[in-house]
Amino acid sequence: MTVIVKDHPYQYDIENICEIFFPYEKIKMTESDDAGDDPVTVITQIRGDTLTVDARVYEKRKTLSKTADENTDRQNALSVMLYEALSEILGIKYPWGILYGVRPARRMHALADAFSETEAQRIFHEKYLVSDEKIKLTSAVMHSENGIIALSGEKSFSLYVSIPFCPTRCSYCSFVSHSIENTQRLVKPYVELLVKEIEETGKYARALGLRLESVYFGGGTPTALCAEDLAKLFYSIDKNFDLSTNREYTVEAGRPDTVTADKLQALKTAGVSRISVNPQTFNDKALEAIGRRHTSHDTLKAFDLARKMGFDNINMDFIAGLPKDDIASFEKSLNMGIELKAESVTLHTLSLKSGAYMATRQAAFDPSPGLLVSDMVDTAGKALKSAGYHPYYMYRQGKSLGNLENVGWCKSGRECLYNVFMMDETHTVLAVGAGAVIKLKNQKTGKIQRIYNYKYPYEYIDRFDEILRRKQSINEFYGEYNV
């Protein structure tokens, strides 16, 4: 796909609108008039007071123009024109309209604070072309998030622990995760250094008088580690952080094929209050297609074991749009999660991060994959509401099927605080491990500074001294902040 941008600075917006309709196509942005023989081409131009969009997808073409006046938001108007042109050519409208970005609830919150919630909803509808259903969802999430955000104080922080190992790597995965079979030799040195990083990070938190609100083990699959290694990490956290203020302790048990009684006992002994047992689907053919070695029966066994060992706050993840899945099997999977009485359900839409492959006319004009996922998401929302769940946090990813969203649903009082704190960027997150990103937040100005760890376990091990050196920026940041 070639996108020609002429005489305006809105390249970023135009590229995002194109990605809504062509999420897996390689997009070439240029100011040149020559699109070559590319069958998918967009030209956007602002010349004087005239805005023009010319879109072509194979043999179909749509040209729109508009005269702007002094009150015209040219950036928005050009985006809307492009959306309308591509929508007409391809015969599809998306429920989020032209709205892009990870955090729609935070955008609505900002608009509601600046104007009113009614005005924020009007802007979502008229300016961003968001559907009524998604506006209602965003408002519901905003109100739920606001109650959790209010728990955070000026010196609050959360701790994130990265365990970048899994039994196998899922085909759709975009996280830093490695098959533990292929990286077994790295696990022990990784854990030993992670203990040291936890110790060093705890020193900064104590010296600055920070208040711990939540602890979250993610990955990867934390329970890919053995019980002994998990216990070492839990002990280090207990030794180096004041857990007396901690509101929530989450570990993603995630893959059912990693859940054992000794690991669950290690979690229980450490005071872990919330875990995930993630089926993604109860369709065994879909599990096989995405590279998982466990079956749906393994998920049921893991969930039952966790219940028997006293875990009363369990999350289950489901993904809409997996290969070999259809609306009937997806609905069956979701209903099984509801019947198990999982305290929370996180509903993801499949997001493919790699592969610029949409080169055929048939693929361009076939909206069925996105429509199928949209039906799955709508069905899930209705079923979860009927079962007493409410949406409490939400985020969106690029290249997701149907340009849809990921939503956390839960029973009353079972919200994952860390998910909201992290998604809203409410307060500082001190993060440890490979691929971890520390986010330092100045509560007075809203400024956020990031400190990155090395991405892969072998880098983390080989360059650990540099990781510790970078943490000195924590004191520098809070020194400027006068904390």
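Every value quoted in this text rests on a predicted model; they were computed, and no experiment measured them. (Residues numbered from 1 in each chain as written. Predicted model: local features only at pLDDT ≥ 70, side-chain atom pairs only at ≥ 80, totals over all residues. Heavy atoms only, no water.)

1. Considerations on the overall build of the chain
Regarding its fold elements, the chain presents 17 helices and 18 strands. A globule of 483 residues ought to have a C-alpha radius of gyration of about 23 Å, and the chain, at 24 Å, matches this closely. If one aligns the C-alpha atoms of the chain with their principal axes, the spans along those axes are about 65 × 55 × 45 Å. Scored against the burial criterion, the 483 residues of the chain give a buried share of 56%. Here the contacts in the chain between residues at least 6 apart in sequence split such that 73% fall between residues at least 24 apart. Total accessible area on the chain stands at roughly 20,700 Å², and carbon and sulfur atoms take up 48% of it. Here the chain holds 60 positive side-chain charges and 64 negative ones, and the gap between their average locations is 2 Å. (Helix = DSSP H or I, 4+ residues; strand = E, 2+ residues; numbered from the N terminus. Rg over C-alpha atoms; globule rule 2.2 N^0.38 Å. Buried < 20%, exposed > 50% of the residue type's maximum accessible area, 1.4 Å probe, protein only. Contact = heavy atoms within 4.5 Å. Areas by Shrake-Rupley, 256 points an atom, 1.4 Å probe, with all protein chains shown as cover. Lys, Arg positive; Asp, Glu negative; His and termini not counted. Charge placed at Lys NZ, Arg CZ, Asp CG, Glu CD.)

2. Quick notes on the pairing of strand β9 (residues 211–219)
Along β9, eight of the nine residues are buried, which leaves the element largely enclosed by surrounding structure. Two strands pair when backbone bridges link them, and strand β6 (residues 156–163) and β9 are joined in this way by eight bridges, in the parallel orientation. Paired with isoleucine 163 across the two strands is glycine 219, which belongs to β9. As defined by bridge partners, β9 adjoins strand β10 (residues 248–254) across four bridges and the pair is classed as parallel. (Pairing = 2+ DSSP bridges.)

3. Quick notes on unusual backbone geometry
The omega torsion of the bond from glycine 219 to glycine 220 falls at 10 degrees, within 30 degrees of zero and hence cis. In this structure, glycine 220 sits in the loop between β9 and α7 (227–240). Of note, lysine 399 is a non-glycine position whose phi angle comes to about 65 degrees, a positive value. The residue lysine 399 is located in the loop between β14 (390–395) and β15 (406–410) in this model.

4. Quick notes on the packing of aromatic side chains
Under the criterion given, the structure shown has 19 aromatic pairs. Judged by centre distance (5.4 Å) and plane angle (75 degrees), the rings of phenylalanine 21 and tyrosine 94 are edge-to-face. Taken together, the positions of phenylalanine 21 in helix α1 (residues 11–21) and tyrosine 94 in the loop between α2 (74–90) and α3 (104–114) put the pair 73 residues apart, joining distant regions of the chain. Overall, the relative accessible area of 13% leaves tyrosine 94 in the buried class. Taken together, a centroid distance of 6.1 Å and an interplanar angle of 20 degrees make the contact between tyrosine 160 and tyrosine 418 stacked. (Phe/Tyr/Trp six-rings, centres within 6.5 Å; stacked < 30°, edge-to-face > 60°.)

5. Quick word on the environment of proline 9
With respect to the helices and strands, the residue proline 9 is situated in the loop between β1 (2–6) and α1. Sequence-wise, proline 9 and glutamine 45 are 36 residues apart; in three dimensions their C-alpha atoms are separated by 9.9 Å.

6. What about the environment of aspartate 69?
Tracing the sequence through the fold places aspartate 69 in the loop between β5 (60–67) and α2. A C-alpha to C-alpha distance of 6.9 Å links aspartate 69 and aspartate 49, two positions 20 residues apart in sequence. Here asparagine 71 takes part through its backbone nitrogen, which lies 2.8 Å from a polar atom of the side chain of aspartate 69. (Polar contact = N/O pair within 3.5 Å; in protein donor to acceptor, adjacent residues only side chain to side chain.)

7. Notes on α2
Here α2 contains 17 residues, and its C-alpha end-to-end distance of 24 Å stays within 8% of the 24 Å for a straight helix at 1.5 Å per residue. Of all the 17 residues making up α2, 13 are buried; the element is thus mostly covered by neighbouring parts of the structure. Once α2 ends, the next one or two residues include glycine 91, with phi positive near 70 degrees. (Expected span 1.5 Å × (residues − 1).)

8. What about the side chain of serine 156?
Along the chain, serine 156 falls in strand β6. Given the relative accessible area of 2%, serine 156 is considered buried. In this structure the side chain of serine 156 is engaged in a polar contact, spanning 2.8 Å, whose partner is the backbone nitrogen of glycine 153. One polar contact links serine 156 to glutamate 213, side chain to side chain, over a distance of 2.7 Å. Not counting the four nearest positions on each side in its chain, serine 156 is found in contact with Arg211, Glu213, His427 and Thr428.

9. Focus on α1
Burial in α1 covers these residues: Asp13, Ile14, Asn16, Ile17, Cys18, Ile20 and Phe21. Where α1 is buried, its residues contact β1, β3 (40–47) and α2.

10. Observations regarding the pattern of salt bridges
For side chains bearing opposite charge, pairing can occur when the charged atoms are close. Within this structure, the stated rule accounts for 26 salt bridges. As a salt-bridge pair, glutamate 405 and lysine 134 come within 2.7 Å of each other at their nearest N and O atoms. Separated by 271 residues along the polypeptide, glutamate 405 in the loop between β14 and β15 and lysine 134 in helix α5 (residues 132–149) bring together distant segments of the chain. Residue classification places lysine 134 among the buried residues on the basis of a relative accessible area of 3%. Linking glutamate 197 and lysine 471 is a salt bridge whose minimum nitrogen-to-oxygen distance equals 2.9 Å. (Salt bridge = Lys/Arg side-chain N within 4 Å of Asp/Glu carboxyl O.)

11. Focus on the sheet that holds strand β4 (residues 50–57)
The sheet built from five strands is open, its strands ordered β2-β1-β3-β4-β5 with mixed pairing. The open sheet has two edge strands, β2 (28–30) and β5, and neither has a second partner. Going from strand to strand, the sheet's axes swing by 10 degrees on average, the running direction of each strand aside. In this fold α1 packs onto β1, β2 and β3, with an angle of close to 155 degrees to the strand it touches most, β1. (Axes fitted to C-alpha atoms, helices over the stretch in contact; angles between N-to-C directions.)

12. Let's talk about the nonpolar core
Core analysis: the biggest nonpolar cluster contains 148 residues, and Phe21 and Phe217 have the highest contact counts within it. Not counting the four nearest positions on each side in its chain, phenylalanine 21 is found in contact with Tyr83, Leu86, Ser87, Leu90, Ile92 and Tyr94. (Core = buried A, V, L, I, M, F, W, Y, C linked by side-chain atoms within 4.5 Å.)

13. Examining the packing of α3 against helix α4 (residues 117–126)
Any two packed helices are characterised by the angle at which their axes cross and by the distance between the axes. Contact geometry for α3 and α4: axes closest at 8 Å, N-to-C directions at 130 degrees. Viewed along their axes, α3 and α4 adopt a mutual orientation that is oblique. Of the two possible hands of crossing, α3 and α4 adopt the one that is right-handed. Facing α3, whose interface residues are Pro104, Arg107, Met108, Leu111 and Ala112, α4 presents Glu117, Ala120, Gln121, Ile123 and Phe124. Its residues assigned to classes, the contact of α3 with α4 shows seven nonpolar, one polar and two charged. (Parallel < 35°, antiparallel > 145°, perpendicular 65-115°, else oblique. Left-handed = near helix turned anticlockwise from the far one by under 90°. Nonpolar A, V, L, I, M, F, W, Y, C, P; charged D, E, K, R; others polar.)

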